[in-house]
Amino acid sequence: MARAPKTVENMSKNLTKEEKKYLEQAEKATLSGYEITEFAKTKKDKIAHKEFLRVTKLLTAVGKNDAMYEAVINDYCTYLSDIERYRRYRIKFEDDIDEIEDSEMETSEKCKLKFKIKDTILSCDKQINTLQRKRFEIEKETGFTVASSLRSIPKKKEEKVSPLMVALSND
C-alpha cells in the first residue's frame, strides 16, 4: 500500500525555494479559508454538539479547520449521536426482556415477546454497525488524515511549453 503524501513542511527531500512555494500554494488552494460552521441539527443535539466542538478543536490544532469539511464533520458528529441513541434503545430492550422473564405470562406469550424484542435488538445492532462503518470511512478518508487534501496537489509544477518549441519539434 502506498504511503500518504506529506505536507510541504514535513517533506525531507531537497526542494528548491520555487518548488516549495508552488507546493505550499497548491496546498492552500485545496482549502476555502473559512472555518467549519455547525449545522442547526448538530447544534440542537447535545451529543453531536459536544463531538463537533471536540473535532473542530482538533482540526484547528492541526490547521485543517476548513469549511470544505463542513458537511462531513457535521455528519460525523450526528452519526455518533445516533449510535448513542441506538445503544440506549438496546439497553431498554434488554431490560424489557428481563421484565418479561419476571412477569406472570404464559410461556408461549413470553417467548413470542422475547423473540420480537430480540429481533428489534438485532436491528439496533445493525444500525449501530452501519453508523460506525460510516464514521470509520469519514475518519479514514477526510476527517483525520491529511492525505485526502494532499491527493489533489500535483507532484510537479506543470511546465509551460512554448508554441515555438512545439512547432519546431513537429518536423
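These lines cover the structure that appears in this document, whether it is placed above or below.

Calculation notes
- Residues numbered from 1 in each chain as written.
- Predicted model: local features only at pLDDT ≥ 70, side-chain atom pairs only at ≥ 80, totals over all residues.
- Heavy atoms only, no water.
- Phe/Tyr/Trp six-rings, centres within 6.5 Å; stacked < 30°, edge-to-face > 60°.
- Helix = DSSP H or I, 4+ residues; strand = E, 2+ residues; numbered from the N terminus.
- Buried < 20%, exposed > 50% of the residue type's maximum accessible area, 1.4 Å probe, protein only.
- Lys NZ or Arg CZ within 6 Å of the ring centre and 35° of its normal.
- Expected span 1.5 Å × (residues − 1).
- Arc of directions from axis to C-beta.
- Salt bridge = Lys/Arg side-chain N within 4 Å of Asp/Glu carboxyl O.
- Patch = residues over 30% accessible without salt bridge, like charges linked within 9 Å, V, L, I, M, F, W, Y side chains within 5 Å.
- Areas by Shrake-Rupley, 256 points an atom, 1.4 Å probe, with all protein chains shown as cover.

This part takes up the packing of aromatic side chains. For any pair of aromatic rings, the description rests on two quantities: the centre-to-centre distance and the angle between the ring planes. If you walk through the whole model with that rule in mind, you get one aromatic pair. With 6.0 Å between their ring centres and 85 degrees between their planes, Tyr86 and Tyr89 make a pair best called edge-to-face. Placement of the pair is Tyr86 and Tyr89 together in helix 4 (residues 70–102), with a separation of three residues, close to one helical turn. Classification of Tyr86 as buried rests on a relative accessible area of 18%. By relative accessible area, Tyr89 is classed as partly exposed at 35%. If you follow Arg85 out to its NZ or CZ, it ends over the ring of Tyr86, 5.1 Å from the centre. One Lys or Arg, Arg135, reaches over the ring of Tyr76 and ends 3.8 Å from the middle of that ring.

End to end, helix 1 (residues 17–29) covers 18 Å across 13 residues, agreeing with the expected 18 Å (1.5 Å per residue, within 8%). Inspection of helix 1 places Leu23, Ala26 and Glu27 among the buried residues, and these make up the whole buried set. With its buried residues spanning 100 degrees around the axis, helix 1 presents them on a single face. Exposed and facing more than 90 degrees away from the buried side of helix 1 are Lys17, Glu18, Lys21, Lys28 and Ala29.

Moving on: the pattern of salt bridges. If the charged atoms of two oppositely charged side chains come close together, the side chains can form a pair. For the structure shown, the criterion picks out seven salt bridges. We note a salt bridge from Lys114 to Glu101, for which the minimum N-O separation is 2.2 Å. You can see Lys114 sitting in helix 5 (residues 107–143) and its partner Glu101 sitting in helix 4, a full 13 residues away along the chain. Connected via shared salt-bridge partners are Glu51, Arg54 and Arg135.

With that out of the way, let us pick up a nonpolar patch on the surface. A cluster of nonpolar side chains, Leu164, Met165 and Leu168, forms an exposed patch at the surface whose accessible area comes to about 340 Å². Note that Leu164 resides in helix 7 (residues 163–169). We classify Leu164 as exposed; its relative accessible area is 59%.

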